[in-house]
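Structural features, examined
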Amino acid sequence: MSVTRRAVLEQLATTSDADQRETTTEAALAATLNTDERTIESHLDALEACELVRTYPDGRVRITITGEELLALDTDELVIVDSE
């Protein structure tokens, strides 16, 4: 099953919280999305480069406020976010 970056961000939004700094793990995301951790890690690296997620050295991860705001736009169209 091919998992999109958007699917990872959406799942992260349901399992973490930017304001409360609640986190989940790469392993939990991989299990929920039925994919391998390498795929999740690749997507998270790209999302972090755009400041949409925050990863921690111990494997925890959470969505950022910017990530929540992007999802709140609720667009069905392709969104391109350029990393700095």
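Right, let's walk through the structure included here. (Residues numbered from 1 in each chain as written. Predicted model: local features only at pLDDT ≥ 70, side-chain atom pairs only at ≥ 80, totals over all residues. Heavy atoms only, no water.)

**Considerations on the overall build of the protein**
Within the protein, the secondary structure is distributed over four helices and three strands. Along the protein, helices and strands appear, N-terminal first, in the series α-β-α-α-β-β-α. Here the protein, with 84 residues, has 32% of them falling under the buried criterion. Long-range contacts, defined as pairs at least 24 residues apart, comprise 57% of the intrachain contacts of the protein with a sequence gap of at least 6. Carbon and sulfur atoms provide 45% of the accessible area of the protein, an area that totals close to 5,500 Å². (Helix = DSSP H or I, 4+ residues; strand = E, 2+ residues; numbered from the N terminus. Buried < 20%, exposed > 50% of the residue type's maximum accessible area, 1.4 Å probe, protein only. Contact = heavy atoms within 4.5 Å. Areas by Shrake-Rupley, 256 points an atom, 1.4 Å probe, with all protein chains shown as cover.)

**Description of helix α3 (residues 37-49)**
An ideal rise of 1.5 Å per residue puts 18 Å on 13 residues; α3 measures up with 18 Å between its terminal C-alpha atoms. Regarding α3, the residues found buried are Ile40, His43, Leu44 and Leu47. Taken end-on, α3 shows its buried residues confined to a sector of 100°, consistent with a single buried face. Where α3 is buried, its residues meet α1 (5-15), α2 (26-32), β2 (53-55) and β3 (60-63). For α3, the N-terminal capping position is held by Asp36, with its side-chain oxygen 3.1 Å away from the main-chain nitrogen of Arg38. (Expected span 1.5 Å × (residues − 1). Arc of directions from axis to C-beta. Polar contact = N/O pair within 3.5 Å; in protein donor to acceptor, adjacent residues only side chain to side chain.)

**A look at the sheet that holds strand β1 (residues 24-25)**
The strands making up a sheet associate through backbone hydrogen bonding, with each pair oriented either parallel or antiparallel. What the three strands build is an open sheet, ordered β1-β3-β2; its pairing is antiparallel. Where the open sheet ends on each side, the last strands, each with one partner, are β1 and β2. Note that β2 and β3 share three bridges and pair antiparallel. Counted as the bridge partner of Val53 is Ile63 from β3. Together, β1, β2 and β3 form the strand contacts of α1, whose direction differs from that of β3 by roughly 95°. (Pairing = 2+ DSSP bridges. Axes fitted to C-alpha atoms, helices over the stretch in contact; angles between N-to-C directions.)

**Some remarks on a negative patch on the surface**
A contiguous patch of negative charge on the surface is contributed by Asp36, Glu37, Glu41 and Asp45. With respect to the element layout, Glu41 can be found in helix α3. With relative accessibility at 39%, the residue Glu41 sits in the partly exposed group. (Patch = residues over 30% accessible without salt bridge, like charges linked within 9 Å, V, L, I, M, F, W, Y side chains within 5 Å. Salt bridge = Lys/Arg side-chain N within 4 Å of Asp/Glu carboxyl O. Lys, Arg positive; Asp, Glu negative; His and termini not counted. Charge placed at Lys NZ, Arg CZ, Asp CG, Glu CD.)

**Focus on the nonpolar core**
Membership of the largest hydrophobic core comes to 15 residues, with the highest contact counts inside it found for Val8, Leu12, Ile40, Leu44 and Val53. Among the elements of the structure, α1, α2, α3 and β3 are those that each provide at least two residues to this core. When residues no more than four places from it in sequence are discounted, the contact partners of Val8 are Val3, Leu33, Ile40, His43, Leu44 and Leu47. (Core = buried A, V, L, I, M, F, W, Y, C linked by side-chain atoms within 4.5 Å.)

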